[in-house]
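Coordinate inspection notes
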Amino acid sequence: MAGTESPTYRPSGNIIVCGRAYQIDWPVVNWYDNPNFSAYYRGCYKGKGGGPPTSPYPFSPAKGMGQMLSRFRERRLMGGSRELRRLQEIIRQFVVHHDGCQSSEQCFHVLHDERGLSVHFLIDNDGTIYQTLDLVDGAFHATGVNEISIGVELCNRGKVELDGRDFYRRKFPNNPMVRDRNIVRVQIHGSTYEMWDYTPGQYGAMFALGKALARLFPNLPQVFPEQGGYIVPTWLAEPRSFSGYLGHFHVTNQKWDPGAFNFKLLCQKIRSRASWFVCLDRGECRQAPEVADTVAQAEEQAAELVRNNEEEAMGGYFPIGPFGKARLWHGGIHISLPEGSPVFCPFPGRIVAARSGDDVPTGSRNFVLTRHTFSFGGTPVTFFLLFMHLEREDPSSSRTPWFQGADQKPFWPAIEADEVAFPDVDVAGGEIIGRVGHAGPPGNFEGQLHFQAMSVEDLGQRLQPGFWRSLDASHTGHFCDLPEIIRLIDRPRGRGDGLISEPELRTFFQSDPARAELRKLSVRFQSEWGADPDYLQALMRARDFARLPKAARLRLFRDQIEPTLWWTQEVAERVGLPKDFVVWHYHPVRFVAWMNELLRQRAGQAVQVKVGEYKPAVEATDGYEGDVGYTDEEDELSLEAGRKLTLEDLARGYPDDPK
């Protein structure tokens, strides 16, 4: 293999993050697909001139790389972990380069064999993406920011003067997308360069990759260094303090790549969007449907989901009516869908609890609970999403990625025993998290999903006061007695009996315009899923079921309520929920639309940047040329030389992380 031409390899379309494959719907060749693009190889694939290597060390190394076998390093801030949740806290930059080469294969040879450098992604002239490293590992591509960044090399010869204005026509006569490459002028660090533009395929690849990263890394905003709406055309005085997408020339005044790359277009195209939790057309969809930009647009987009819940589902309204009757609190909504329909995770997060077992008298009690944490204004904000009544799956044939091979995972004994398990598994936004199961009154099941959004603190008051109307009903136990809710539903209005019947609920949610007001509430109450030891007695005392014989009330609790009480003291402690079962609840359709808008606003906020000295000290270079701009002491200390140092030496030698 070394010293020979690489055969053609079929793109899998998968990028690898923390050992897991994520499909991005674009031609991607990762190092598993083609081992000739692996930066993990401790040696040279080719020698000088393309012949067999004579040494495992780079034959024309960049500064500090001469005696290094490794072309990558572990990220120091990972602390030995290889988990996505930790990496999500670290990755804050995506650095774009152009390589000065004719092909990505040539670029990889130059980086790996000649210079001893690396980069996570290479994008060829036609837009094919090559991945050489798992994103959990650091590449040697941009001095000072390798610890917190992902890097990409776009194939581009760079300066037109190097090869003449007919270079691409001569090299790629039969590929019009590459052959007809435009020539553009750009000013970087005060100097003007005439360079080759990037191809439509390369921009398409960057859009696909950027969208995937937006779903995986909530702390990598879709912004670029700008002033007055225009890209900053020089280096930043403090590049490590910036979060977002930037060029190599923003990191150092010794480099001018990627020159004329259109960062504004990239960020507009990839700006983060949440996903709806089910297909909007009730059937199978190829991928999770994206949420529209604003709350108003998203609510219009999801009107069918709301109508499905309020006009078709067998009860399961928000915030009361789990059985379509009574004042029992209900923290989510029911959606009627064909069994087996895909269920998606709207945001990147972590599966913290799950169950997959046998039916109970009311159908499936299988669920997935996800926890999501985002940073707003430098402060973390956490919420939970619950997906209930899921289909039971077999780990050997599961169509749900996180559950595939579950019988080989540490949490499997709990699943096998039909108990609550704690998978502690990362999921990307838009990833399938389960399949719709069935639920309903005994003997009358239908395909149904319960979806719920909840938080320990009042996120409405925290993030956008006035958007939600907050009601604290933590004192009410399991039954709603808030006049703000009851008087809207009870009939005749203003003269009702204070109880809620099945006809009253159905009439209200199917035809009363006031039902829209309940979707605007955030309500704090005791969750219906809490294993409260007083639950049965509360049910026995409630006026709502006074007409039922005692035996019928006991049977109602035993068959329809008790089997679903997954929220125990242990679960609360393990996943970060309160032990009194009291949380804030939101209409989940509106919550997804709202959180999506907040995240998009955060991602699109312009960042104030401080530029460095405008004129470089020496002529800037591009691609792999020159000895500076790739690594620094932090990188060099992390490799073989760094292994001789004590922990105290390392602590003094590494730059502080700015977070």
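Computed from a predicted model, the values in this text were never measured in an experiment. Numbers given for residues are sequential positions, taken from 1 along each chain in its written order. Local features in this predicted model are restricted to residues whose pLDDT is 70 or higher, and side-chain atom pairs enter the listing and the counts only when it is 80 or higher, whereas totals over whole chains, interfaces and linings include all residues. Only hydrogens and water are set aside when side-chain values are computed; all heavy atoms of the structure are taken into account.

Re the confidence of the model for the chain
Test applied: Residue-level confidence of the predictor is what pLDDT reports, using numbers from 0 through 100. We call two residues in contact when some of their heavy atoms are within 4.5 Å.
Of all residues in the chain, 90% attain a pLDDT of 70 or more, and the chain-wide mean is 89. When the criterion is pLDDT under 50, residues 639-659 qualifies, and its contacts beyond four places in sequence or with other chains add up to 38 contacts.

Concerning the pattern of salt bridges
Put simply, the rule is: A pairing counts as a salt bridge when a side-chain nitrogen of Lys or Arg comes within 4 Å of a carboxyl oxygen of Asp or Glu. Counting from the N terminus, the helices are the DSSP runs of H or I reaching at least four residues and the strands are the DSSP runs of E reaching at least two. Only protein chains enter the accessibility calculation, which uses a 1.4 Å probe; a residue whose area is less than 20% of its type maximum is buried, one above 50% is exposed, and one in between is partly exposed.
This model, assessed by the stated rule, comprises 36 salt bridges. In this structure, E89 and R86 form a salt bridge, with 2.4 Å as the shortest nitrogen-oxygen distance. Taken together, the residues span about one helical turn, with E89 and R86 both in helix α1 (residues 84-90) at a distance of three residues. Taking relative accessible area as the criterion, E89 reaches 38% and is therefore assigned partly exposed. In this structure, R392 and D358 form a salt bridge, with 2.2 Å as the shortest nitrogen-oxygen distance. You can see R392 sitting in the loop between β19 (379-388) and α10 (412-416) and its partner D358 sitting in the loop between β17 (349-355) and β18 (367-376), a full 34 residues away along the chain. Given a relative accessible area of 48%, R392 falls into the partly exposed group. Note on D358: relative accessible area 46%, which makes it partly exposed. Residues joined by salt bridges that share partners form a network here, namely E304, R307, E310, E311, R515 and R519.

Brief notes about the environment of G201
Tracing the backbone through its elements, the reader meets G201 in helix α5 (residues 200-216). It is 62 Å that separates the C-alpha atoms of G201 and L499, two residues lying 298 residues apart in sequence. In this view, G201 contacts W26, D126, G127 and M177; residues no more than four positions away in its chain are not counted.

Digging into the state of the cysteines
The cut-off we apply is this: Disulfide assignment relies on a single distance test, namely cysteine sulfur atoms paired within 2.5 Å.
For the structure on display, the rule yields one disulfide. Here C279 pairs with C285 through a disulfide, and the sulfurs are 1.9 Å apart. Disulfide C279-C285: torsion about the S-S bond near -80 degrees, hence left-handed. As far as the burial class goes, C279 and C285 line up, both buried. This cysteine, C345, is not joined by any disulfide, and C285 carries the nearest cysteine sulfur, 14 Å off. We classify C345 as buried; its relative accessible area is 0%.

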